[in-house]
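# Analysis of the macromolecular model
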Amino acid sequence: MPRHTATINPELKAHQEWLGYLQPVGLVVAPAAMVDAGWVVTRSGSELIERQERYREAIQSLSSAIDCADPEPEADGDTRTRGIPQLQTLLMEHLGWSADQIQGEPALIESYSRHLPELGETLRPTALVPAAHGEGIQLLLQALPSLAPLDQKGTSGEHLWRATSQERFERLRQDAADYPDTMEQRYGAWAGLMSLYRLVYAGGGATTGYLPARKGQLFDPGAYRWLETPWISDGVVLSVLSNLLVVKGERISYRALDVEQIGSVYEGIMGYAVRRIPGRCVGLKSKPQGAKKQLTTAVDLDALLGLSGGKRKAWLEEEAGTTLPPKAATALKDAGSETELLEALASLIDRDLFEGPQAADGLVFQPTEERRRSGSHYTPRALTRPIVEEALRPWLERCHHQPTAAQILELKICDPAMGSGAFLVESCRYLAELLELAWSREGLPEALKPDGSAHGEEPLLYARRLIAQGCLYGVDKNPFAVNLARLSLWLVSLSKDAPFTFADHALKCGDSLVGMERSEIEKALKGASLQRELQMAYLDEVRQQEAKSFATFHADSRSDADDAQKRQALDDLNASTAYLRTVGDLLVAAFFNGKTPKDREELKQLYLAATLEHNTVAELEEELAAPLERLRQGEKGIQPLHWQLAFPDVFGRPEPGFDVFVGNPPFVGGKRISESQGDSYHSWLAYLHTESNKNAD
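Computed from a predicted model, the values in this text were never measured in an experiment. (Residues numbered from 1 in each chain as written. Predicted model: local features only at pLDDT ≥ 70, side-chain atom pairs only at ≥ 80, totals over all residues. Heavy atoms only, no water.)

### Structural notes on the overall build of the chain
Note the cut-off: For helices the rule is a DSSP run of H or I covering at least 4 residues; for strands it is a run of E covering at least 2, with both sets numbered from the N terminus onward. Any residue under 20% of the maximum accessible area for its type is buried, any over 50% is exposed, and the rest in between are partly exposed; the area is computed with a 1.4 Å probe on protein chains only. Only heavy atoms matter for contacts: two residues are in contact if any of them lie within 4.5 Å across the pair. Per-residue and other accessible areas were derived by the Shrake-Rupley procedure at a 1.4 Å probe size, with only the shown protein chains allowed to occlude residues.
Within the chain, the regular secondary structure consists of 29 helices and 16 strands. In the chain, which comprises 697 residues, the proportion classed as buried is 39%. Long-range contacts, defined as pairs at least 24 residues apart, comprise 68% of the intrachain contacts of the chain with a sequence gap of at least 6. Surface accessibility of the chain: about 38,600 Å² in total, with carbon and sulfur atoms responsible for 54%.

Printed below as a string of structure tokens:
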């Protein structure tokens, strides 16, 4: 991808940006040629605003009588398709074309019509644009019939509008073959993908039901705004799609993949991070103890060469988790140049990753310390099903193997180290099967009956949505894993007519072994505060908000309005509990930032004293930013999870707590807690479990 500097011609940049938002098909005019021709892109000012107003006023309801303006005002929930009915209106009134630029004489049109036998159709333009100089035609225009679907056949031929990633990939491959020298100067493929993702997120099409809004963080354009840059060339997009769609020469069919394949993606990606290497680098192979596969770590050659010979071996072991044979270690110690370094490291260099040393200041996909030391653990479906069945067996026996629909939907199941959600997905499948059987005995719910909100949907799929939204909970310390688990539940419960299943309230990022009891947090807050009545009123408001929010979360999302209501409820809930969560984090920070019981108690009282002066979470976080930073972002950063605050609907029930825990426990192989998590972490576990002998994992 070419690098753009601040000294770029602003008009050239404007043209490149404009071209970046188009999907080029046919002739592509280079931005530099546009600048040479003196073309200027209007980007702001009164002229642009005036054009936008005229365009908005020209939008009409498209119907069979397209020549008549729609006199009726647009009503709430109006599903009519709207647009500009006449091509000439768009070109002349809004794009500034003159009448002599559009020619539509029948004889001239016929002379430029062409039969396309390879496509089984005839290309017949609607209008022609004459050449700017001399004779001939520079552009053919074709207006499709009003309301013509763009993603279906317009003729009897096989020429279709293409939008999938695979088909875009084929188009790019063809472009690369036809225009190999200009792929880095062409823009449009990336903007096309971003437009597709926006459609998935927000919906669109001829009517409101054409493509329902799916929502979800995965496609949220606001989550990573920098992704919508138009500066990514078609060459870069081709390279990205090549790596995603082709493995060892074989095309991947994503349609054929099951949800469980996400687990292998999780296993392959978790524990990696993008890092910038200051100096020239090479990739070194290693296979640390406990890792399932070989790892490759990029090593800064300049930094290695700058060390004294005696320190290089230890530095290499720490940075890359690799060891050298005695002869190579001696050569490494004596190396005085990059060439000699490469000779010493030759047996460990992964040449499949880099053919040779990479330029300084490059970006690499680097395994993290967690990945090198402990690897990651993914449980395949062959194991998740029997484990889920066994975990639910006692409950099922109490229900005499015929649980009612109400009993099933009241269950609360949690995976405290969920990873990509393999156990949650299997629990969703299993409980949905039981729920469908219960409906066959008791009758379908109102939503699946005629005139119900989910009428026409498969009962099993609707059951999965209800289970995913009301019964399943999970925690993981890796935010990437939380997103993958959310995606897994989306896919296993995906409805063609509804947004993604809302599970943001139930899947949390945090350390399931580090947190405070809600009662401890409230007790500490009341004890430290001189404004006891104020704190009591605050705690009552929090509980009222929790009850209100979770009544909303557990209902099925059937529309954009439902999804928006849930997201607002989650924002309200997070805002109401933010102060309590920060106080809980401070209590944990007092333990991890102290070395002895006395130190920890003093820090606890110091932190709680700040609650006397600050009644808002923003002020409290600002006042104690340093200790919170050491806890959350330090070398062994910890994001505490306060269970009762994270899942108030579960712990606020008459019989509080989860009914079932299922999954793999968060573990580290051998007695290596202190090594991987730090001494304070091991002390925390011993503090919580006084009955342990401090040698248990």
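### Focus: the environment of Thr-501
With respect to the element layout, Thr-501 can be found in the loop between α19 (479–492) and β15 (507–509). Accessibility expressed as a relative area gives 2% for Thr-501, which makes it buried. When the C-alpha positions of Thr-501 and Gly-216 are compared, they lie 8.4 Å apart, and in sequence the two are 285 residues distant. Every residue in contact with Thr-501, bar those within four places of it in the chain, is listed here: Arg-465, Ala-468, Gln-469, Leu-489, Trp-490 and Ser-493.

### So, the sheet that holds strand β14 (residues 472–476)
So the rule is basically this: A pair of strands is labelled paired if DSSP reports no fewer than 2 bridges between them.
Here 4 strands make up an open sheet; going across it, the order is β15-β14-β13-β16 and the pairing parallel. In the strand order of this sheet, the two ends are held by β15 and β16 (660–661), each with one partner. By the bridge criterion, 3 bridges tie β14 to β15 in an arrangement that is parallel. Bridge pairing links Gly-474 to Leu-507 in β15.

### As for a nonpolar patch on the surface
This is how the line gets drawn: Nonpolar side chains (Val, Leu, Ile, Met, Phe, Trp, Tyr) are joined into patches within 5 Å and like charges within 9 Å, using only residues with over 30% relative accessible area and no salt bridge. Think of a salt bridge as a Lys or Arg side-chain nitrogen and an Asp or Glu carboxyl oxygen that are within 4 Å of each other.
On the surface, a cluster of nonpolar side chains totalling about 460 Å² of accessible area is made up of Ile-269, Val-274, Leu-363, Phe-365 and Phe-480. Relative to the elements of secondary structure, Phe-365 occurs in strand β12 (residues 362–367).

### Focus on a negative patch on the surface
Note the threshold: The positive count covers Lys and Arg only, the negative count covers Asp and Glu only, and His and the chain ends enter neither. Just so you know, the charge point we use is NZ for Lys, CZ for Arg, CG for Asp and CD for Glu.
A cluster of acidic residues, Glu-613, Glu-619, Glu-622 and Glu-623, forms a negative patch at the surface. Within the secondary structure, Glu-623 sits in helix α24 (residues 617–623). Among the residues examined, Glu-623 registers a relative accessible area of 47% and is labelled partly exposed.

### A word on the nonpolar core
Threshold: Residues belong to one nonpolar core when they are buried, are Ala, Val, Leu, Ile, Met, Phe, Trp, Tyr or Cys, and are joined through side-chain atoms within 4.5 Å.
Residues Leu-392, Trp-395, Leu-431 and Leu-489 are the most contacted members of the largest nonpolar core, which totals 40 residues. When residues of this core are traced back to their parent elements, those giving at least two are α15 (381–398), α16 (405–409), α17 (422–442), α18 (459–470) and α19. Per-element accounting of this core gives the leading share, 11 residues, to α17. The residues touching Leu-392, leaving out its near neighbours within four places in the chain, are Leu-411, Ile-413, Tyr-430, Leu-431 and Val-660.

### Topic: helix α12 (residues 326–334)
Here is the rule: Along the arc lie the directions from the helix axis toward the C-beta atoms.
Residues Ala-328, Ala-329 and Leu-332 constitute the buried set of α12. When α12 is viewed along its axis, its buried side chains cluster within an angular range of 100° and face the same direction. Projecting away from the buried face of α12 at angles above 90 degrees are the exposed residues Pro-326, Lys-327 and Asp-334.

### Structural notes on the packing of helix α3 (residues 46–58) against helix α4 (residues 87–94)
Basically, it comes down to this: Orientation is described by axes fitted as lines to C-alpha atoms, over the contacting stretch for helices, and by angles from 0 to 180 degrees between their N-to-C directions. In this scheme, roughly parallel covers angles under 35 degrees and roughly antiparallel covers those over 145, while 65 to 115 is roughly perpendicular and the rest are oblique. Put simply, a crossing is left-handed when the front helix is turned counterclockwise from the back one by less than a right angle, and right-handed when it is turned clockwise. Basically, the charged four are Asp, Glu, Lys and Arg, the nonpolar ten are Ala, Val, Leu, Ile, Met, Phe, Trp, Tyr, Cys and Pro, and anything else, Gly included, counts as polar.
Contact geometry of α3 with α4 gives a least axis separation of 11 Å together with a crossing angle of 160°. When the axes of α3 and α4 are compared, the pair comes out roughly antiparallel. In this structure, the crossing between α3 and α4 has a hand that is right-handed. Side by side, α3 and α4 meet where Arg-54, Tyr-55 and Ala-58 of the first sit next to Leu-90, Glu-93 and His-94 of the second. Split into classes, the residues belonging to the contact of α3 with α4 amount to 3 nonpolar, 1 polar and 2 charged.

### Remarks on the packing of aromatic side chains
Stated formally: Each Phe, Tyr or Trp ring (for Trp, its six-membered ring) is paired with any other whose centre lies within 6.5 Å, and the angle between the two planes then decides the class: stacked below 30 degrees, edge-to-face above 60, tilted in between. In this scheme, Lys NZ or Arg CZ marks a charge over a ring once it lies within 6 Å of the ring centre and within 35 degrees of the ring normal.
Per the counting criterion, the structure on display carries 15 aromatic pairs. For the pair Phe-591 and Phe-592, a centre-to-centre distance of 5.7 Å together with 65° between the ring planes defines the contact as edge-to-face. In this structure, Phe-591 and Phe-592 share a single accessibility class: buried. Here the aromatic cluster, defined as three or more aromatic residues joined through ring pairs, consists of Tyr-473, Trp-643, Phe-647, Phe-651, Phe-658 and Phe-661. Directly above the aromatic system of Phe-591 lies the positively charged group of Arg-600, at a separation of 3.9 Å from the ring centroid.

### With respect to the confidence of the model for the chain
Convention followed: Confidence per residue, as judged by the predictor, is encoded in pLDDT with a range of 0 to 100.
Model confidence for the chain is summarised by a mean pLDDT of 79, while 79% of its residues fall at 70 or above. Element-level pLDDT for the chain is lowest in helix α14 (residues 369–374), with a mean of 55, against a maximum mean of 96 in strand β13 (residues 413–415). A low-confidence stretch, residues 64–71 stays under pLDDT 50, and its non-local contacts, those more than four residues away or across chains, total 10 contacts. Predicted confidence for residues 150–163 stays below pLDDT 50, and this span has 18 contacts to residues more than four positions away or in other chains.

### Comments concerning the pairing of strand β10 (residues 281–286)
Across the 6 residues of β10, 5 count as buried, placing the element largely inside the fold. When β10 meets strand β11 (residues 295–300), the two strands line up antiparallel, connected through 6 bridges. Bridge assignment links Gly-283 to a residue of β11, and that residue is Ala-298.

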